[in-house]
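Reading the structure
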Amino acid sequence: FPDTFLCLIDTYDTIRSGLLNFCTVALVLSDLGYTPRGIRLDSGDLAYLSLQCAKQFASIAANDTRYAFFGDMDIVASNDINEEVLHALNKQGHAITIFGIGTNLVTCQAQPALGCVFKLEEIYGV
């Protein structure tokens, strides 16, 4: 960071919060001389969300030549991606430029892995 800024944006509301906050930070980083890399989507309708993000990026790139780099933003998708998910995404159409394939790459389908998310919170300084 900040040279390789790629942000997970789907923790809460991908379009109305994550994407807008990413664009704000990306614009400021650009004004400071850095070029952000892109976003990562890890939940929800990956095809739809990627298309909406790409549409927003294209709009920013088209409206101001200083921010043309938005047209080249990477959209990374992860979330238990396997060959079935890849086929479904290709059938639907998407704007994903990079796929993060982890669990299904290193585990045997006959011996499933435990997929989980761990979120750490701080309460009263503890």
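As shown above, the structure is provided for reference.
Just so we're clear, the structure is a prediction, and the values are computed from it rather than from any experiment. (Residues numbered from 1 in each chain as written. Predicted model: local features only at pLDDT ≥ 70, side-chain atom pairs only at ≥ 80, totals over all residues. Heavy atoms only, no water.)

**Considerations on the overall build of the chain**
Counted only if it meets this: Numbering of helices and strands runs from the N terminus, with a helix taken as a DSSP run of H or I at least four residues long and a strand as a DSSP run of E at least two residues long. For every residue, the accessible area obtained with a 1.4 Å probe (protein chains only) is divided by the maximum for its type, and the residue is called buried under 20%, exposed over 50%, and partly exposed between those limits. Whether two residues are in contact is decided by their heavy atoms, any of which lying within 4.5 Å being enough.
A tally of regular secondary structure across the chain gives 4 helices and 4 strands. Each helix (α) and strand (β) of the chain, taken in turn from the N terminus, gives the series β-α-β-α-β-α-β-α. With 126 residues in all, the chain has 30% of them scored as buried. Taking contacts inside the chain between residues at least 6 apart in sequence as the whole, the part at least 24 apart equals 65%.

**A closer look at the pairing of strand 2 (residues 38–41)**
In plain terms, the rule: Two strands form a pair only when DSSP identifies at least two bridges running between them. Crossover handedness is defined here as right-handed if the route from the first strand over the helix to the second strand goes clockwise, with the strands pointing away from the viewer.
The pairing of strand 1 (residues 6–8) with strand 2 spans 3 bridges and is classified as parallel. Note that in strand 2 the partner of C7 across the bridge is I39. Viewed along the sheet, the connection from strand 1 through helix 1 (residues 14–31) into strand 2 turns out right-handed. Relative to strand 3 (residues 74–77), strand 2 is paired through 4 bridges, and the arrangement is parallel. What sits directly across from I39, in strand 3, is I75.

**Let's talk about the packing of aromatic side chains**
Note on aromatic pairs: each is described by the distance of the centres and the angle between the planes. This is how the line gets drawn: Whether two aromatic rings pair depends on their centres lying within 6.5 Å, for rings of Phe, Tyr and Trp, where Trp uses its six-membered ring; planes under 30 degrees apart make the pair stacked, over 60 edge-to-face, and the rest tilted.
Scanning the model with the defined rule gives 5 aromatic pairs in all. Taken together through their ring pairs, the aromatic side chains of F5, F22, F57, Y67, F69 and F70 make up a single cluster.

**Some thoughts on the pattern of salt bridges**
Defined as follows: By definition, a salt bridge exists where a carboxyl oxygen of Asp or Glu is found within 4 Å of a side-chain nitrogen of Lys or Arg.
On inspection of all chains with the given rule, the structure shows 4 salt bridges. The partner of D74 in a salt bridge is R37, and the shortest N-O contact between them spans 3.0 Å. Taken as a pair, D74 in strand 3 and R37 in the loop between helix 1 and strand 2 lie far apart in primary sequence, 37 residues in all. On the basis of relative accessible area, D74 is assigned to the buried category, the value being 16%. For R66, the salt bridge identified is with D64, shortest N-O distance 2.7 Å. Using a relative accessible area of 56% as the deciding quantity, one classes R66 as exposed. For D64, a relative accessible area of 21% puts it in the partly exposed group.

**Comments concerning the packing of helix 1 against helix 2 (residues 46–63)**
Applied cut-off: Axis definition: a line fitted to C-alpha atoms, limited for helices to the stretch in contact. Angles are taken between N-to-C directions and run from 0 to 180 degrees. Definitions for this section: a left-handed crossing has its near helix turned counterclockwise from the far helix by less than a right angle. A right-handed crossing has that turn clockwise. Amino acids are sorted into nonpolar (Ala, Val, Leu, Ile, Met, Phe, Trp, Tyr, Cys and Pro), charged (Asp, Glu, Lys and Arg) and polar (every other residue, Gly among them).
Between helix 1 and helix 2, the least distance of the axes is 11 Å, while the angle of their chain directions is 35°. Helix-helix and strand crossings are classified by hand; for helix 1 and helix 2 the assignment is right-handed. Each of T14, I15, L19, F22, C23 and L27 in helix 1 lies in contact with helix 2, whose residues at this interface are L49, Q52, C53, Q56, F57 and I60. By residue class, the composition of the contact of helix 1 with helix 2 is 9 nonpolar, 3 polar and no charged.

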